[in-house]
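Below, each chain spelled out in residue letters.
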Amino acid sequence: MSLPTVFDHHSTAWLQPLAVTMPDMPMLAINRRAQCLALSTTAKNLLGELADGLPKEIRQALVEAMREGKTELNISTPIHGLKRDFKCRLFYPQSGRRAIGLMLEEEERTLVDQLLHMQSIVHSLIEMSPDLICIKDNDNRWMMANQHMLNTFQIDSFDYQFLNNLQIADTLHPVFRNSFEHHEKSDQQVWKSRQAYHNEELVHLPQGGYKTLEVNKVAYHDQKDQPSHLITVARDVSEQKFIQTQLLNRSAVLDTLISCDWMLHSAERWQSVAENVLQQCCLSFRFSRAILLQHETITSRKKTDIRSKALFHWAMNGFHTTYEHWEKISFLSPELQRWYSLLSKGQPVMCDALTLPASERALLKSHDTVNLVIVPLMIDDEWWGSMVIERCFDAENTSSQELGSLMAIGRTLSVAIDREQTGKHLKLAKIAFDSTTEGIMIVNPAGELVGINQGYTLITGYEESEVLGHKPQIFRQRPRGLFGALKRHGKWSGEIENIRKNGDTYTEWMTITAVRNHANVITNYVGVFADISEMKRSQTQLNSLVNHDPLTGLPNRRLINHLFTHAIQRANRNEQQAAVLFIDLDRFKNINDSLGHYSGDQLLLGVTERLRAALRESDIVGRLGGDEFIILLENLHGKADAAQKAHDILDALRREFIIDHHEIFVGASIGISMYPQDGNDVESLIKAADLAMYQVKNNGKNHVAFYDVALSRDAVEHFQLETELRQALTKNQLKMFYQAQIDLNTGMIIGAEALIRWIHPVQGIISPAKFIPLAEETGLILSIGEWALAQAVRQAHAWHKAHPEFKKIAINVSGVQIMKSKFADTVYGILMESECDPSIIELEITESTLMQHTQHVVDTFNQLKLLGVSIAIDDFGTGYSSLSHLKRLPLDQIKIDRSFVKDLPDDKDDAAITSAIYAMATQLGFTVVAEGVETEEQEKFLQRLGCQTAQGYLYAYPVNSDDFLQLLVLNNQRKIKRHA
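Fair warning: this is a prediction, and the values are worked out from it, not measured in the lab.

Caption draft 1: Molecular detail of unusual backbone geometry. The omega torsion of the bond from Tyr675 to Pro676 falls at 5°, within 30 degrees of zero and hence cis. Tracing the backbone shows Pro676 in the loop between β26 (668-675) and α24 (682-698). Cis geometry marks the peptide bond from Leu904 to Pro905; its omega dihedral reads -5°. Considering the arrangement of structural elements, one finds Pro905 in the loop between α33 (898-901) and α34 (908-923). Within the chain, His661 stands out as a residue other than glycine whose phi angle is a positive 70°. You can see His661 is positioned in the loop between β24 (657-659) and β25 (662-664). One non-glycine residue with positive phi stands out, namely Asn732, at about 60°. As for its placement among the helices and strands, Asn732 is situated in the loop between α25 (709-728) and β28 (734-743).

Caption draft 2: Just the side chain of Arg610, in detail. Tracing the backbone shows Arg610 in helix α22 (residues 597-614). We note that Arg610 is buried and unpaired, the nearest opposite charge coming from Glu656 at a distance of 6.5 Å. In this structure, Arg610 is in contact with Ala652, Leu653, Arg655, Glu656 and Phe657, ignoring residues within four places of it in sequence.

Caption draft 3: Examining the nonpolar core more closely. Ranked by size, the top nonpolar core spans 78 residues in total, and within it Ile841, Leu843 and Phe964 carry the most contacts. The greatest single-element share of this core, amounting to 9 residues, is contributed by helix α27 (residues 781-802). Ignoring any residue separated from it by four or fewer positions in sequence, one finds Phe964 in contact with Tyr738, Gln739, Ala740, Ile749, Gly751, Ala752, Trp799, Phe806 and Val959. In this structure, Val621, Ile631, Ile649 and Ile664 belong to the second largest nonpolar core, which totals 32 residues.

Caption draft 4: Quick peek at the sheet that holds strand β22 (residues 620-625). Read from one edge to the other, the open sheet built from 5 strands follows the order β22-β23-β21-β26-β27, with strand pairing classed as mixed. In this open sheet, the two edge strands, each paired with only one partner strand, are β22 and β27 (704-706). Here the average twist between neighbouring strands, direction ignored, is 20°. Of the strand pairs in this sheet, strand β21 (residues 577-585) and strand β23 (residues 628-636) are connected by 7 bridges, and their pairing is antiparallel. Counted as the bridge partner of Val580 is Leu632 from β23. Contacting β21, β23, β26 and β27, helix α23 (residues 639-654) runs over the sheet at an angle of about 160° to β26. Each of β21, β23, β26 and β27 touches α24; the most contacted strand, β26, lies at about 145° to it.

Caption draft 5: Main features of the packing of aromatic side chains. Counted according to the given criterion, the structure contains 15 aromatic pairs. Seen in terms of ring centroids, Phe153 and Phe176 are 5.4 Å apart; in terms of plane orientation they differ by 70°. Their pairing is edge-to-face. You can see Phe153 sitting in the loop between α5 (147-152) and α6 (165-171) and its partner Phe176 sitting in the loop between α6 and α7 (177-193), a full 23 residues away along the chain. Among the residues examined, Phe176 registers a relative accessible area of 1% and is labelled buried. Residues Phe331 and Trp383 carry aromatic rings whose centres are separated by 5.4 Å and whose planes lie at 85° to one another, so their mutual orientation is edge-to-face. One end of the pair, Phe331, is in the loop between α10 (323-328) and α11 (337-343); the other, Trp383, is in strand β15 (residues 382-392), with 52 residues separating them in the sequence. Here Phe331 falls in the buried class, since its relative accessible area comes to 0%.

Caption draft 6: Main features of the pattern of salt bridges. For the structure shown, the criterion picks out 26 salt bridges. A salt bridge links Glu934 to Arg89; the shortest N-O distance between them is 3.6 Å. You can see Glu934 sitting in the loop between β35 (927-930) and α35 (936-945) and its partner Arg89 sitting in strand β4 (residues 82-91), a full 845 residues away along the chain. Through salt bridges with shared partners, a single ionic network connects Glu72, Lys87, Arg89, Glu105 and Glu934.

Caption draft 7: Geometry of the pairing of strand β10 (residues 227-236). By the bridge criterion, 6 bridges tie strand β6 (residues 132-137) to β10 in an arrangement that is antiparallel. Its bridge partner lying in β10, Leu132 is registered against Ala234. Looking at chain direction, strand β9 (residues 210-221) and β10 are connected through 9 bridges and run antiparallel. For His221, the partnering residue across the bridge sits in β10 and is Pro227. Remark: 5 residues form the turn of the hairpin made by β9 and β10, two consecutive strands paired antiparallel; Asp225 in that turn has positive phi of roughly 60°.

Caption draft 8: Quick look at the side chain of Ser870. Structurally, the position occupied by Ser870 is in strand β33 (residues 870-876). The contacts of Ser870, once residues within four sequence positions are left out, are Lys808, Ile841, Glu842, Leu843, Lys865 and Asp892.

Caption draft 9: Just helix α21 (residues 588-595), in detail. Taken as a whole, α21 has its buried residues at Phe588, Ile591 and Asn592. Buried residues along α21 cover an arc of 100° about the axis, so they all sit on one side. α21 presents Lys589, Asn590, Asp593 and Ser594 as exposed residues on the side facing more than 90 degrees away from its buried surface. Positive backbone phi, at 105°, marks Gly596, one or two positions downstream of α21.

Thresholds applied
Residues numbered from 1 in each chain as written. Predicted model: local features only at pLDDT ≥ 70, side-chain atom pairs only at ≥ 80, totals over all residues. Heavy atoms only, no water. Helix = DSSP H or I, 4+ residues; strand = E, 2+ residues; numbered from the N terminus. Buried < 20%, exposed > 50% of the residue type's maximum accessible area, 1.4 Å probe, protein only. Lys, Arg positive; Asp, Glu negative; His and termini not counted. Salt bridge = Lys/Arg side-chain N within 4 Å of Asp/Glu carboxyl O. Contact = heavy atoms within 4.5 Å. Core = buried A, V, L, I, M, F, W, Y, C linked by side-chain atoms within 4.5 Å. Pairing = 2+ DSSP bridges. Axes fitted to C-alpha atoms, helices over the stretch in contact; angles between N-to-C directions. Phe/Tyr/Trp six-rings, centres within 6.5 Å; stacked < 30°, edge-to-face > 60°. Arc of directions from axis to C-beta.

Now the structure itself:
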């Protein structure tokens, strides 16, 4: 049976006026057995199903409190799956037969500080990542980005937040514009498709060149399936792409050399394969078009000229051929004197069109040619023709390696032409064979060497007489798939290890091609190889730098992920437990700051040695960065094994370190996560161990703690709360409440304190003590504070105009607003817009704000005083203010904190402190307001002390603007009552 939500029964009617006055305060009517008789709508919405029957333990606590006549007690109960803490107030009727009133006031959560700290951990983890990371909200506005992301795009870390991609692009170098426009399109695609995005993208840089990024994006939606945020993670793979491109280009060059050589040697007529050779050259060396010219000398009475005939040409799709243009050019013209001088001597012409003299550039201007190579074809030392190769719309220069390969192909083509013309193919084939710097070997079907070139000798050290008749290393090793590939495809390529004549080991990239006769029978194998040892060494060094910490030599985060993944897979196969230990050194920053970075580095090396000594050979230890180390223990029987090893590490690190004649003592905080209990992958296990480590830090350091699932739940709740707070202002969830301030001499309302409240659609009223620190940390306090100030000022202006006895409104101001904004200008603008009298505005500042950046605070306060507003210290007595600060600052009022008023007049210490504060304030010329007045005894003590103004539950609870206006009406009619 549902309970009534109004107090209309004769036993509960006396509570109805109280419920009407405070409609937003949850209130219940209960009997002496703590059974609920009726409740307000607010209480029903808060308690839900609990409203029909309070939990047994809560009823027992209430019955005990009623027996003892208590008026207050604290209770905790789960609501909607979350633990909620309440301060209960009991109201007893004059007659014992009537119902008793129960008012619930939610207490501040105790984990706020932990949650704020956990957010800083998440930020630190993102910042330490070697990847580029960016988090955007559902409007694609940048919420956060790590330094790697900001540095790559040269973004100012103070200017990017809450701007979208295109707005940020407007502030950057124009070269980044295309990247950000592409990001905007891909972001929209991810939101629309709800699919993860993966792509490889090029980012061009202002100083030239580009970076290759491996980009991943994923969009997240909240519990209501509304867009929440989008995360972008990009990895710089430029080095890997460079190495891969080098290998591919080298392989393409070798393949092209072999292919062209084979085609020109196996074809009965070179003309039948000439066009294919041009195509191979263009595709392998990334050229747009190629032409094979034959030159002819024409002699007349007036002059001698050299004209060309285009025998063959090839162009990529979309590029027109230019053979007619080359046929019209005379190489004996004055403009081409330099070209003729080189080509006639068998030397190539290689040039960038932009760097050519004007006379030469004019020949290429109309054909979009930006890079040109002309390879002369020589027959018996005579310039017979040319192979012209052009690049269009591509500024990539031709490398010396590519030029050498093109020259080798040109010589092979010359050999083929000469073979057909003069029968001297064997002699010229030998020239082409020896001209390349790559090693070439010819092997018979039995696998024995029958011929080598000079490049072979240069690479291996062996002369021809030393190797002919012997099997080369690759035919002795017989790598897997070699003969299968030669049989099926006629070609095999791969990397092998070989030994030079002097005993040195080197790595070579080998390509072997099978040569067949007209009957398709293999007659020979041709092998072309290059020494890639130096490239391999560079790649090995790069891998070491990428995967190891440069100071300690330990695996870094990248390699840790790889090693831990394999260790977890082994533990899964063997059904064993494993543990991740996250170690953070205590006091390391102090040591680094006091003794210097060199001593700090030596200490980290000493810690590394002790960690290795304390571990088994099978255990894995790595350094994440700074003073953070991480360990994976395998083959464990349970938590006890992990705890024992962690304590062994603590004992090892407690012993003194001798660094540069200094005795240094350093402890450690160790968090432990267990596989598979706390996670099934590396990321979740490290995150769990990290959370456990910070639990140790918060509890005093130098100890060990295991991960508890509540830590992750709290971190997620904190992140969710931050996200919802960003939307609270735009969704009108923030409301202003007002608590009356009373003149103790007349009992009249003379002012109010403006208090901000967050009315959450699910959690109800969220305490300012919970969300204001979060707003300060994230910077949201600037917009929230300005909104609250504008609301309160406009409201005060309206009340003062209608009720002149209303003389002042007190508005709380965060220290962040003063330090990180032009606060005095903000106040001035709001006063001008609202036309409010500045004298009725009082700004309340906490003591901690006064202690930081004193000169800036003084300057800001002086500007505010010039505007005509007054300034008060809120919660005075709870901070560390000194008389010198109070004397310097242009203050008007001091508010005595409720913690000193609460136990008046019985507590002698609080009475003495309150009297001292009042005496000091009056001597300095300040007025005094007492907060938290709840009893008439407290009121009488303050009156005897001389205090003129008070606020608290004795007079009124915080109410919305409409209810406060009713209080002013009653106040004006002299009808105001206690608990109004």
